[in-house]
Each structure stands twice: as structure tokens, then as C-alpha cells.
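Topology and contacts: notes
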Amino acid sequence: MDVQTEKLHLIEQLARLQDISIIQKVKEVLQGADDGKAVGYNPDGSIITKSDLISRAEASDQAIKEGRTKSIDQVRTNMKSW
């Protein structure tokens, strides 16, 4: 199938769709694709952008500098209560 046919098929499916959460997810994916910044997805389906990843990395670096970390033994102990 060519791209134009796929687009038309998608438009038809979206026109029939009544679930707003799916429509919102499609919208987020398209916005991320337009921005060229979508690099992944969260477990809830929301987009992770390049700037999100950079912010998370910077926050992690700051936490390490401030000593807000846990040892592997602390993590293993916490995991036992899951």
C-alpha cells in the first residue's frame, strides 16, 4: 500500500473513533513527530521528548551531586516489600 492510501485509511478510522483517550494519544504522537522530538513513550502511552530526557538526566545528576542516592543493597531491601 502506498502512503496516500494509508493516510486515507487512517482518516477513516479516526472519523469513526469515539474514544477520546485514543484520539489524544494519536494527537500527541503526531505532535511529537512534527517536532521531531519524540524519542519514546511512558507506560501510560504519553510521549517522552528529547527535552524530557535531558531534564531527567540533569535532575539525576543533581541528585547524585547532593547525595540523594540509594545503594544497591537499599534497593534490594525495598524490593522485598513489593
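Residues numbered from 1 in each chain as written. Predicted model: local features only at pLDDT ≥ 70, side-chain atom pairs only at ≥ 80, totals over all residues. Heavy atoms only, no water.

**Details of the overall build of the protein**
Which entries qualify depends on this criterion: Numbered from the N terminus, helices here are DSSP runs of H or I no shorter than four residues, and strands are runs of E no shorter than two. To get the radius of gyration, use the C-alpha atoms; to get the globule rule, take the number of residues to the power 0.38 and multiply by 2.2 Å. Here the term buried applies to any residue with accessible area under 20% of the maximum for its type, exposed to any over 50%, and partly exposed to those in between, with areas from a 1.4 Å probe on protein chains only.
Scanning the protein for helices and strands turns up 4 helices and 2 strands. When its helices and strands are written in sequence order, the protein yields α-α-β-β-α-α. Its C-alpha radius of gyration of 20 Å places the protein more than 25% over the 12 Å reference for a compact globule of 82 residues. The C-alpha extent of the protein, read off along each of the three principal axes, is 55 × 30 × 25 Å. A total of 82 residues make up the protein; the buried ones form 9% of that total.

**Considerations on the confidence of the model for the protein**
Here is the rule we go by: Known as pLDDT, the predictor's per-residue confidence is scaled from 0 to 100.
Confidence in the prediction of the protein, expressed as mean pLDDT, is 87, and 91% of residues score 70 or more. Taken element by element, the predicted model of the protein shows its lowest mean pLDDT in helix 2 (residues 20–35) (77) and its highest in helix 4 (residues 72–79) (95).

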